[in-house]
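# Reading the structure
Chain by chain, the residues run as shown.
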Amino acid sequence: MTTRMLPVLDQARARPAPKEHSFGIDAKLAEFATDDVALPSFHVWTLGCQMNHSDSEEMAGALAAAGCAEASDLESAELIVINSCAIREAAEQKVIGRMGHLANLRTANPSLRVVLTGCSVREDNVGTLRRRYPQVDLFLRPDEEPELTARLGLAGPTAPGLLAARASAVGEGRIQRRSALSAWLPIIYGCDKTCTYCIVPFSRGPERSRPFDDVLAEARSLAAAGYREVTLLGQNVNSYGHDLPADERFADVHTGRHLGRRLALDGKPDMAALLRAIDGLRTADGVPAIPRVRFVTSHPWDLSERLIAAMAECQAVCEHLHLPIQSGDDAVLRRMGRQYTVASYLELVERLRTAVPGISLTTDVIVGFCGETEAQFESTLDLLRQVRFEQVFAAAFSPRPGTPAARLEDDVPRAEKKRRLQALLNLQEEISRDVNAAWVGRVTEVLVDQERPRSSHDAAVDDGTVRLAGRNRNNKIVHFDGPPELIGQPVAVRVDHAGPYALSGALDG
Ligand code: SAM
Ligand code: SF4
């Protein structure tokens with residue numbers, strides 16, 4: 001069998017209609033028959049956020065539906081799709097660092113095809129990328145990903161636009177999900193915010209919400225397939241619905257944004273309505289058909305009272321919220337274009353903790369943003385001491401060409417950014433250890449998702465148990481020993497040890 005060489009299509013082209021043969025092949029001519037032709041095997045290399053991982057599941061599903069098999073790694077693939085991240089320079093460097101390797105693979109296999117997509121590909125930089133990366137055959141912006149199979153000349157599924165493509169991929173069961181337990185469910189694409197440091201609005205374009213009924217249909221199909229956890233995804237999930245038409249089912253939706261620029265949400269579906277509808281999918285026993293629902297990422301602007309009430313009242317919604325603060329100083333927040341103050345953020349935290357007792361809060365912080373003084377950095381540390389987040393995802397500011405902040409002076413030296421980052425991580429490690437210590441002695445529900453290798457200091461055991469791990473509803477990783485059959489199940493674990501990054505314990509009862 002030979003492998004079909006893919007055309008190098010860097011422009012959308014109409015595919016010629018296949019030729020029809022109205023006659024069978026004479027057995028005497030069989031020796032002239034050509035070999036069967038296999039389609040190239042593919043590998044999708046995904047960098048960056050959950051949204052990219054979700055998009056990759058959709059692209060892998062489209063390639064599989066077109067007849068391509070999945071290769072176990074990049075080296076053995078005949079078609080490589082790189083789903084890139086551009087949020088920081090380091091993420092882009094990872095791809096640049098692999099270009100030499102890709103060039104070698106191409107020399108060894110001239111029919112290898114390489115596609116670069118994700119946030120590194122934007123309308124304004126494709127020409128530059130083409131010159132810089134001769135190893136790449138096809139560049140696709142994130143909103144062009146549904147065209148992947150057609151642009152490669154494969155007879156894959158096509159539907160116009162991201163929203164319709166997702167709906168048909170779901171309808172035809174074409175998403176190649178990486179887990180049978182927890183699923184990503186994109187609800188809104190793009191971002192309308194103008195955070196001055198961020199490339200996302202440029203790479204992913206304006207906000208486009210998926211129709212309410214499409215999201216609900218996908219949630220229903222996930223419930224039917226036995227998924228126990230669903231994470232609703234968007235760069236900015238809480239502004240879901242403002243771009244959808246009004247509908248009488250949502251006549252009770254009136255409030256717009258709590259902070260920042262007001263959104264006209266009147267009569268349109270919002271995040272609160274969506275959470276309530278998904279929570280309302282019930283089994284015959286009346287329990288949520290999807291027992292755990294999460295959503296990321298939340299911008300503080302759009303965290304409405306309605307949403308907080310829905311989080312408090314929906315049984316399925318987990319007691320965890322990732323709410324990026326970015327800085328603990330108002331002047332820095334203003335320069336970042338975040339549109340809230342530290343005081344208003346703290347007020348939100350208060351409201352969340354009152355409405356959802358025991359809620360775990362995590363956040364993102366950027367250190368060393370343009371003009372950040374030592375005192376302003378110290379304010380961020382003070383904020384961490386005050387809020388006591390469970391976990392902080394921190395990074396040094398990385399200027400992104402084309403963003404408004406790229407025109408500001410990047411005046412915090414690299415070494416100083418590194419020092420601030422380390423100081424923040426050290427402080428947060430102490431806080432996380434402390435916050436986690438409160439779990440010792442408690443019993444918590446863990447959704448078991450994997451077997452972990454035992455560490456060298458674990459006592460050797462020969463009782464049929466293995467080291468298992470999963471997350472509780474508060475999104476904490478919990479380790480314990482148990483039979484491998486528990487993978488995929490929710491189990492009760494009594495916590496007996498807490499570290500800064502994970503808990504451990506034993507099966508309860
Ligand atoms: N939409 C989310 C929000 O409102 O915060 C964040 C999405 S962004 C993909 C994830 C995180 O990357 C941000 O919260 C921010 O902390 C970080 N980030 C974005 N641009 C950055 C930059 N230029 N330098 C360093 N970190 C950056
Ligand atoms: Fe970037 Fe701000 Fe949009 Fe988040 S809200 S994706 S940080 S522009």
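Below is a summary of the structure that appears in this document. (Residues numbered from 1 in each chain as written. Chains lettered and ligands numbered in written order. Predicted model: local features only at pLDDT ≥ 70, side-chain atom pairs only at ≥ 80, totals over all residues. Heavy atoms only, no water.)

## Section: the overall build of the protein
Assigned secondary structure in the protein consists of 13 helices and 19 strands. Here the protein holds 509 residues, and the buried ones make up 52% of them. For the protein, restricting intrachain contacts to residue pairs at least 6 apart in sequence, the fraction spanning at least 24 positions comes to 74%. Of the accessible surface of the protein, which amounts to about 23,200 Å², a share of 52% is contributed by carbon and sulfur atoms. (Helix = DSSP H or I, 4+ residues; strand = E, 2+ residues; numbered from the N terminus. Buried < 20%, exposed > 50% of the residue type's maximum accessible area, 1.4 Å probe, protein only. Contact = heavy atoms within 4.5 Å. Areas by Shrake-Rupley, 256 points an atom, 1.4 Å probe, with all protein chains shown as cover.)

## Observations regarding the packing of aromatic side chains
Overall, the coordinates contain five aromatic pairs when judged by the stated rule. For the ring pair Tyr197 and Phe369, a centre distance of 6.3 Å and an interplane angle of 80° mean the geometry is edge-to-face. With Tyr197 in the loop between β8 (188-189) and α6 (200-204) and Phe369 in the loop between β13 (360-367) and α12 (374-387), this residue pair connects regions lying 172 residues apart in the sequence. Accessibility expressed as a relative area gives 10% for Tyr197, which makes it buried. Both rings, one in Phe212 and one in Phe250, keep their centres 4.7 Å apart while their planes meet at 65°; by these two values the pair is edge-to-face. Note that Phe212 is positioned in helix α7 (residues 212-224) and Phe250 in the loop between β10 (229-233) and α8 (271-279), a separation of 38 residues in sequence. Each of the two residues, Phe212 as well as Phe250, counts as buried. Linked through ring pairs, Tyr197, Phe369 and Phe397 together constitute an aromatic cluster. When the ring centre of Tyr227 is taken as origin, the NZ or CZ atom of Arg177, which lies over that ring, is 6.0 Å away. Residue placement shows Arg442 over the ring face of Trp439; its charged tip is 3.9 Å from the ring centre. (Phe/Tyr/Trp six-rings, centres within 6.5 Å; stacked < 30°, edge-to-face > 60°. Lys NZ or Arg CZ within 6 Å of the ring centre and 35° of its normal.)

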